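Overview (structure and organization)
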Amino acid sequence: MNLKSKKTDYKSKDLFKSAKRSIPGGVNSPVRAFKAVGGTPVFFEKAKGAYLFDVDGNKYIDYIMSWGPMLLGHGHKTVVNTIKKQVDKALTFGAPTELEVQLAEKICSIVPGMEMIRMVNSGTEATMSAIRLARAYSGRDKIVKFEGCYHGHSDSLLVKAGSGALTMGEPSSPGVPECLAAHTITLPYNDISKVSNLFDQLGSQIAAIIVEPVVGNMNCIPPIPGFLEKLRECCTKHDALLIADEVMTGFRVSSKGAMAHYKVSPDLICLGKVIGGGLPVGAFGGKKSIMELISPSGSVYQAGTLSGNPIAMACGLATIDLITKEDFLNPVIENTKSLCEGLSQAAKNHNISFTTNQAGTMWGYFFSTEAKVTSYDQVMACDTDKFKRFYHSMLDQGVYFAPASFEAGFMSSAHTKEDIDYTIEAANKAFSALQN
Ligand SMILES: *Cc1c(COP(=O)(O)O)cnc(C)c1O
């Protein structure tokens with residue numbers, strides 16, 4: 001493994017200085033700014049397979065994979081060639097194309113419960129539209145979400161959101177009208193009895209529950225047995241809709257998504273990240289009887305100038321074709337498991353309190369004294385100082401982990417056993433340094 005220790009970051013430093021003059025905080029999405037770990041964000045130039053190359057000539061093993069989409073690794077030949085061919089035909093029409101039909105049919109044939117689907121340009125748009133649809137369908141205003149779950153940055157959903165919002169210490173953002181936030185009820189994730197109690201009291205006013213079936217925005221927290229089942233039960237009993245936000249989990253937790261993996265049926269499903277294969281795509285869909293309310297077949301308004309963009313559709317189709325081949329995902333899941341086990345063992349070797357979670361190709365690590373982290377409160381209680389020191393030690397050794405302890409990690413099919421061995425060896429050194 002030829003990853004030299006990080007030698008210079010002059011260009012990244014210069015670029016960050018310039019960026020801060022013209023872009024708020026120097027970045028176009030908050031977590032990129034390295035606020036949670038300190039130091040200068042790395043500015044990248046190119047990527048190939050499992051590797052990133054920065055503007056100063058350093059090479060890294062990438063465990064962010066653009067926050068999930070790059071399940072095939074960066075620059076997969078088939079995907080890139082497909083895009084190039086499509087670019088020659090047209091960039092956009094703002095009119096129907098066969099590619100949209102193909103991608104819609106493909107996703108509907110794979111994801112259980114997806115009977116109809118509407119393409120959008122981001123996960124934020126998908127969840128925002130799904131909430132509007134659920135409110136229209138049920139004729140109710142209240143929605144239920146869980147603390148630490150992130151569903152994009154639309155007003156109704158930016159209440160106790162995860163990731164960037166947690167990192168920035170702004171559980172709900174200024175600018176979100178109180179009267180709107182008042183319709184969003186937030187409960188602790190994985191707390192079954194609180195869900196039952198709420199529905200006993202307010203069930204008839206609740207339009208929908210929206211949930212990340214595996215939370216990937218407060219690190220990686222899988223559901224405890226019975227949690228998703230209870231959500232389904234309460235929604236069915238009280239005529240509320242269950243919205244699975246699979247923007248991160250879709251095609252990653254299993255090839256059919258997380259809900260299929262846990263055998264719970266949602267009414268609506270939001271997708272994003274992997275379905276665009278690296279281009280901006282989101283989607284929402286589900287039961288036909290609900291989806292037909294969307295305009296123009298129904299009256300719930302939703303639109304997008306670039307929705308179903310041909311380049312993005314071609315990229316998504318090529319990606320989904322490859323990742324839904326039989327036996328594609330299992331080796332990636334196995335590698336994720338090896339990494340988690342290797343990191344845990346390395347921490348144990350150095351008597352560091354540390355634990356990992358894994359759901360398919362998503363994973364996370366915690367500087368926690370708990371045997372298993374399953375709740376928001378446990379995530380909040382983790383040792384952030386140790387995290388920061390560990391993070392920078394790994395970065396200096398050429399391992400690019402997420403720069404905040406509230407983020408999940410992502411594996412791709414491009415990561416090799418050698419990459420994982422190198423990462424574990426680097427972690428051994430980082431843990432050793434933490435002891436001092
Ligand atoms: C990333 C994410 C979103 C938002 O998607 P964007 O494309 O960033 O708008 C929504 N929900 C979940 C679960 C996500 O992980």
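Values in this document were obtained by computation on a predicted structure and should not be read as measured data. (Residues numbered from 1 in each chain as written. Predicted model: local features only at pLDDT ≥ 70, side-chain atom pairs only at ≥ 80, totals over all residues. Heavy atoms only, no water.)

1. Quick look at empty space enclosed by the protein
In total, this model carries two cavities of 30 Å³ or more according to the counting rule given. There is about 90 Å³ of room inside the largest cavity. Considering the residues around the largest cavity, the lining is formed by 13 residues, among which Tyr365, Ala402, Glu407, Ala408 and Gly409 are closest to the centre. Among the elements that make up the lining of the largest cavity, the one with the highest residue count is strand E12 (residues 362-366) (three residues). Among the residues forming the lining of the largest cavity, the class breakdown is eight nonpolar, four polar and one charged. By volume, the second largest cavity amounts to about 40 Å³. Considering the residues around the second largest cavity, the lining is formed by Asn219, Tyr365, Phe366, Phe367, Val379, Cys382, Asp383, Phe387 and Ser405. (1 Å grid on protein atoms, 1.4 Å probe; cavity = no way out; pocket = protein on both sides within 12 Å on 5 of 7 lines; lining within 4 Å. Points joined across faces, edges and corners; volume = space filled by probe spheres on them. Helix = DSSP H or I, 4+ residues; strand = E, 2+ residues; numbered from the N terminus. Nonpolar A, V, L, I, M, F, W, Y, C, P; charged D, E, K, R; others polar.)

2. Things to note about the nonpolar core
Judged by nonpolar contacts, the single largest core of 74 residues is most densely connected at Ile107, Phe390 and Phe431. Examining the composition of this core, we find that ten residues originate from one element, helix H11 (residues 310-323), more than from any other. Composition of this core by domain shows at least three residues from each of domain 1 (10-75 + 329-434) and domain 2 (77-323). Discounting residues that sit within four places of it in the chain, Phe431 has contacts with Leu343, Ala346, Ala347, His350, Ile352, Phe354, Phe367 and Phe390. If you look at the next biggest cluster of nonpolar residues, it comprises 31 residues, including Leu187, Ile206, Ala244 and Val264. (Core = buried A, V, L, I, M, F, W, Y, C linked by side-chain atoms within 4.5 Å. Buried < 20%, exposed > 50% of the residue type's maximum accessible area, 1.4 Å probe, protein only. Domains from an automatic or database assignment. Contact = heavy atoms within 4.5 Å.)

3. Concerning the pattern of salt bridges
Going through the model one piece at a time under the given rule, you end up with ten salt bridges. With its nearest N and O atoms 3.8 Å apart, the salt bridge here joins Lys337 to Glu341. With Lys337 and Glu341 both in helix H12 (residues 329-349) and four residues apart, the pair spans about one turn of that helix. Since its relative accessible area comes to 38%, Lys337 is described here as partly exposed. The partner of Lys386 in a salt bridge is Asp383, with the nearest N and O atoms 3.5 Å apart. A residue is classified by how much of its surface remains accessible, and Asp383, at 29% relative accessible area, is partly exposed. By sharing partners, the salt bridges in this structure join Arg232, Asp267 and Lys287 into a single network. (Salt bridge = Lys/Arg side-chain N within 4 Å of Asp/Glu carboxyl O.)

4. Here's the deal with H12
The end-to-end C-alpha separation of H12 is 30 Å, in line with the 30 Å expected for 21 residues at 1.5 Å each. Those residues of H12 that are buried are in contact with strand E11 (355-359), E12 and helix H15 (417-434). One or two steps after H12, the chain reaches Asn351, where phi turns positive at roughly 55 degrees. (Expected span 1.5 Å × (residues − 1).)

5. Focus on the site of the ligand
Surrounding the ligand, one finds Ser122, Gly123, Thr124, Tyr150, His151, Gly152, Glu212, Asn217, Asp245, Val247, Met248 and Lys273. One nitrogen or oxygen atom from the main chain of Gly123 is found 2.9 Å from an oxygen atom belonging to the ligand. With respect to the ligand, the backbone of Tyr150 contributes an N or O atom lying 3.3 Å from a nitrogen atom. Alone, the ligand offers 380 Å² of accessible surface; in the complex the protein occludes 82% of this. Residues of the shell around the ligand, tallied by class, amount to three nonpolar, six polar and three charged. (Near = heavy atom within 4 Å. Polar contact = N/O pair within 3.5 Å; in protein donor to acceptor, adjacent residues only side chain to side chain. Areas by Shrake-Rupley, 256 points an atom, 1.4 Å probe, with all protein chains shown as cover.)

6. Describing the packing of H12 against H15
Following both chains from N to C, one finds H12 and H15 inclined at 20 degrees, their axes separated by 9 Å at the closest point. Between H12 and H15, the angle is such that the two are roughly parallel. As for how H12 packs across H15, the hand of that crossing is right-handed. Of H15, the residues touching H12 (which contributes Asn335, Ser338, Leu339, Gly342, Leu343, Ala346, Ala347 and Asn349) are Ile420, Thr423, Ile424, Ala427, Asn428 and Phe431. (Axes fitted to C-alpha atoms, helices over the stretch in contact; angles between N-to-C directions. Parallel < 35°, antiparallel > 145°, perpendicular 65-115°, else oblique. Left-handed = near helix turned anticlockwise from the far one by under 90°.)

7. What about unusual backbone geometry?
Of all residues except glycine, most have a negative phi; of all peptide bonds, most are trans. Residues Ser295 and Pro296 are joined by a peptide bond in cis, for which omega reads 10 degrees. Among the structural elements, Pro296 can be located in the loop between helix H10 (288-291) and H11. A positive phi angle, close to 70 degrees, is found at Asn190, a residue other than glycine. Structurally, the position occupied by Asn190 is in the loop between strand E6 (184-188) and helix H7 (192-202). Even without glycine at this site, Asn351 takes up a positive phi of about 55 degrees. Judged by relative accessible area, Asn351 falls into the exposed class, the value being 71%.

8. Remarks on the domain arrangement of the chain
What the domain assignment reports for the chain is domain 1 (10-75 + 329-434) and domain 2 (77-323). A separation of 25 Å is found between the C-alpha centroids of domain 1 and domain 2. Facing the 36 residues of domain 1 at the interface are 37 residues of domain 2. Surface buried jointly by domain 1 and domain 2 totals about 2800 Å² across both partners, of which 68% is contributed by carbon and sulfur atoms. In this assembly, domain 1 and domain 2 are joined by zero salt bridges. Here domain 1 is connected to domain 2 by ten residue pairs in polar contact (both at pLDDT 80 or more). Tallying contributions element by element places E12 first for the side of domain 1 that touches domain 2, with five residues. For the side of domain 1 that touches domain 2, the class distribution of residues is 24 nonpolar, ten polar and two charged. (Buried area = accessible area lost by both parts, 1.4 Å probe.)

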